[in-house]
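# Report on the structure
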Amino acid sequence: MENQIERRDAWQPSEDELLANIILEHIKQGSTQLRAFEEASARLSRTSAACGFRWNSEVRKRYEEAIQKAKSQRMELKNNKHNVSIASNHLPSDDVSGIKFALDRIKSQMKIMFHELDQRAKELEAIQKKLDVIMTPEQKVLEDYQNFVDIMKRAREIGALKTS
């Protein structure tokens, strides 16, 4: 029987999802995959090459439909930018498209950040559940007592309780 060792740097499903979201957003915005890999690299603490390899070897296959949708959204965005620049006579088209691109980029970054925040909240919740299982009833009582003492100290500091 072959002994299989799990790599410490193995890709997690949440990392694959984040990688895909970043690349799809770059596709929508008309950016390059290289820029997407660079952004993913910074966000996932992996090399750009590792992100590119993971995308091309594993993740891309699962997102073919989403890639096509992102490409069509890119075309719509491009057409909308053209229509907006024609409609606005007071700003040069480069300014309008630049502002629109920046706003779209900010929206996508916020979406990614909220996704990461949700992931961290789930991780924290899982850790808290593990901690609750690990802690003995005596440890829980001790923690509650320490919290109570801290609350009483704060109450004294703000003058809510008077010492005799």
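Relevant structure appears above.
The following paragraphs examine the structure supplied in this document. Predicted model only: the values in this text are computed from it and were never measured.

Within the chain, the regular secondary structure consists of six helices and zero strands. Counting from the amino terminus, the chain carries its helices and strands in the arrangement α-α-α-α-α-α. Buried residues in the chain amount to 26% of all 164 residues. When contacts within the chain are restricted to residue pairs at least 6 apart in sequence, those whose partners lie at least 24 apart make up 59%. For the chain, the accessible area works out to roughly 12500 Å², and carbon and sulfur atoms hold 56% of it.

The N-to-C vectors of helix H1 (residues 13–29) and helix H3 (residues 48–62) enclose an angle of 90°; their axes lie 10 Å apart at closest approach. In terms of their interaxial angle, H1 and H3 are classed as roughly perpendicular. Between H1 and H3, the contacting residues are Asp 16, Leu 19, Ala 20 and Ile 23 on the first element and Cys 51, Arg 54, Trp 55, Val 59 and Arg 62 on the second. Its residues placed into classes, the contact of H1 with H3 shows six nonpolar, no polar and three charged.

Residues Leu 19, Ile 23, Ile 27, Ala 40, Leu 44, Cys 51 and Trp 55 are the most contacted members of the largest nonpolar core, which totals 18 residues. Those elements that provide at least two residues to this core are H1, helix H2 (33–44), H3 and helix H4 (64–87). In terms of residue count, H1 provides more of this core than any other element does, seven residues in total. Among all residues touching Ala 40, those that are not within four sequence positions of it are Leu 19, Ile 22, Ser 45 and Cys 51.

On to a nonpolar patch on the surface. A cluster of nonpolar side chains, namely Ile 99, Leu 103, Ile 106, Met 110, Phe 114 and Leu 117, defines an oily patch on the protein surface of about 600 Å² accessible area. The class of Leu 103 is partly exposed, set by a relative accessible area of 48%.

Another point: unusual backbone geometry. Non-glycine residue Ser 45 carries a positive phi angle of around 55°. Mapped onto the elements of the fold, Ser 45 is located in the loop between H2 and H3. For Ser 45, a relative accessible area of 67% corresponds to the exposed category.

The next point concerns the packing of aromatic side chains. Within this structure, the stated rule accounts for one aromatic pair. Ring centres 6.5 Å apart and planes at 35° place the aromatic pair Trp 55 and Tyr 63 in the tilted group. We classify Trp 55 as buried; its relative accessible area is 0%. The lysine or arginine in question, Arg 46, covers the ring of Trp 11, its NZ or CZ lying 4.1 Å from the ring centre.

Conventions used here
Residues numbered from 1 in each chain as written. Predicted model: local features only at pLDDT ≥ 70, side-chain atom pairs only at ≥ 80, totals over all residues. Heavy atoms only, no water. Helix = DSSP H or I, 4+ residues; strand = E, 2+ residues; numbered from the N terminus. Buried < 20%, exposed > 50% of the residue type's maximum accessible area, 1.4 Å probe, protein only. Contact = heavy atoms within 4.5 Å. Areas by Shrake-Rupley, 256 points an atom, 1.4 Å probe, with all protein chains shown as cover. Axes fitted to C-alpha atoms, helices over the stretch in contact; angles between N-to-C directions. Parallel < 35°, antiparallel > 145°, perpendicular 65-115°, else oblique. Nonpolar A, V, L, I, M, F, W, Y, C, P; charged D, E, K, R; others polar. Core = buried A, V, L, I, M, F, W, Y, C linked by side-chain atoms within 4.5 Å. Patch = residues over 30% accessible without salt bridge, like charges linked within 9 Å, V, L, I, M, F, W, Y side chains within 5 Å. Salt bridge = Lys/Arg side-chain N within 4 Å of Asp/Glu carboxyl O. Phe/Tyr/Trp six-rings, centres within 6.5 Å; stacked < 30°, edge-to-face > 60°. Lys NZ or Arg CZ within 6 Å of the ring centre and 35° of its normal.

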